[in-house]
Structures are given as structure tokens and as C-alpha cells.
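The lines below spell out each chain.
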Amino acid sequence: MPGLPPVDEMQDEVLLAEVQDAYGLIRVVEIGAYRFLEFGEAIEQSCVFTADPSWLEYDYTRAMLLGALCHAAPESALFLGLGAGNLTQACLRFLPLDDVETIELRPDVPRLAMEFLGLDDDPRLTIRIGDALELLPSAESADLLFVDLYTDHGPGVGHLAWRFLEDCQKRLNPDGWLIINQWAGDDGKPLGAALLRGLFHRHYWECPVKEGNVILLVPADLEQHLDLEGLRARAEALAPRLGYSLQPLIEVLRPAS
């Protein structure tokens, strides 16, 4: 089972691609069995296990996949922010999805993901280029909606934009789930906790992860609740195919903080 080796055992970094666009620098580097997408001065955005691009190395991506399992049988997903595409790959591989739409700000990101990071040109996948805040109204409604809008300076403005996050929730189908990769403050609460509590009426769940993020699991409406037993069962059934267990992340789920 893969796992990043200790830093002192890491092999030399090999630069595979470097692109300068309107937003700054994008790099793809290889270190041993892993490839990394970086923005700016070595700000890591994504980590891909080259032998299996659907492998999720980090807990925050595993927690986002766990969020997807809150839905018993999702058919559609919308990703705001692509990165290397390994979470998208994992969802396409392990969930019963028929239709996946991704909105990515930077045109070189999907190109690099396909050329160097193992992103498949799956017929179920549509990638649109542009600002998620502007393109969201034209996106199809979805059973799952993932918000992961990071730059080399941290989370994009959408992560703290009331109207945008509200519109994300409204884009969900009945029984849908909004899954947000949010930064955590020094207190362990998600960035903008007060705003989030007010916007979503404290009706969501949090999964803190060791990378220092908190993944938010937000249902489509106030009548919808987290089926913890169903979530456990789906995670347990999927574990042999994943090659890792999501149970440790289920154990740390908590109500809105």
C-alpha cells in the first residue's frame, strides 16, 4: 500500500512541466512514485500516485470522498476546481456516476492533468474553463457538489462568499450533498465558521483532517440528515476496492462548530 516516504528518504525532484499563465506559475514535478501539481513558488495543490491516479494520498481528499458517500446512490457531480483531478478520478471510478462536470479557472490545469497526472478523458466528464463564481449559474444541478477553489495564496474568495455558497447549496438535487474543502483556523474551526453557521443554520457536519483543513458536509436542505450507519456501511463495502479505510475519518465527524 503506497504512502509518502519520510522526507529524508524522498528522491530528487524532477521538473516535468512549467507554465506561466495570467494567474502565475504552474509546475508539475515528480518525486519517486509521486507527481505533484504546484502553483506559484512550490505551493503544492495535488499529489498523484503515478501507478494509480485514483489513489487518494491525503486525508482531506479521502474526507471529500467520504462526503460523497453521504449520498446513497449519486448519479451526477459538479466539481468547482480540478487540481490534478485525482478526486474526480476516484469519484468516477468508485461511485455510480453518469455525469460529471468540472469548472476550472486555469486552462493549462486540465491539459497538464491529462498529460502528466493521469486524468482520463472519460466520456462522463465535461470540463469547462472559467471562474466558478461566474459559471455556477449555468451548471447543471447535481447530487454532489465539491468546492475546492485554492490558489497559491490559499482558499479562493468563493470559500467565504455567502451568496456563492448559498447558490452552491441551491444547485443540489434533492438528497444532494455539498462538500467544501475549508481551511481551519488555530482553534480547529473552519475558516469563516460564524458565516457558515449562519448560512447553513448550523445544519452540517465537519471532518477535521491532519493536513489542517476541515471538510464540510452540507445537505441540500434542513430536513435532510446524515445517515451515519448507511455511511459506515458504504465506506466499509468500498474499502477493499479503495485499498484503505475511511472509518478513521467517520470517527472524527462532528456537528457544526
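The structure presented is a predicted model; accordingly, all values stated were derived computationally and were not measured.

Q: Can you help me understand the overall build of the chain in this one?
A: Within the chain, the secondary structure is distributed over eight helices and 14 strands. Since a compact globule built from 257 residues should have a radius of gyration of about 18 Å, the 17 Å found for the chain is in line with a globular shape. Expressed along its principal axes, the backbone C-alpha trace of the chain runs to roughly 50 × 40 × 40 Å. Across the 257 residues that make up the chain, the buried fraction comes to 55%. By sequence separation, contacts in the chain at least 24 residues apart represent 63% of the contacts at least 6 residues apart. A total of about 11,400 Å² of accessible surface is found on the chain, and carbon and sulfur atoms cover 51% of it.

Q: Got a minute to help me understand the sheet that holds strand β6 (residues 99-104) in this structure?
A: Strand pairs in the sheet, formed through backbone hydrogen bonds, run parallel or antiparallel to each other. Strand order across the open sheet formed by eight strands is β7-β6-β5-β8-β11-β13-β12-β14, with mixed pairing between neighbours. Whereas interior strands pair on both sides, the edge strands pair on one side only; in this sheet they are β7 (125-129) and β14 (254-255). Across the sheet, helix α5 (residues 162-170) lies against β5 (76-80), β8 (142-147), β11 (172-183) and β13 (213-219), angled at about 145° from β11, the strand it touches most.

Cut-offs applied
Residues numbered from 1 in each chain as written. Predicted model: local features only at pLDDT ≥ 70, side-chain atom pairs only at ≥ 80, totals over all residues. Heavy atoms only, no water. Helix = DSSP H or I, 4+ residues; strand = E, 2+ residues; numbered from the N terminus. Rg over C-alpha atoms; globule rule 2.2 N^0.38 Å. Buried < 20%, exposed > 50% of the residue type's maximum accessible area, 1.4 Å probe, protein only. Contact = heavy atoms within 4.5 Å. Areas by Shrake-Rupley, 256 points an atom, 1.4 Å probe, with all protein chains shown as cover. Pairing = 2+ DSSP bridges. Axes fitted to C-alpha atoms, helices over the stretch in contact; angles between N-to-C directions.

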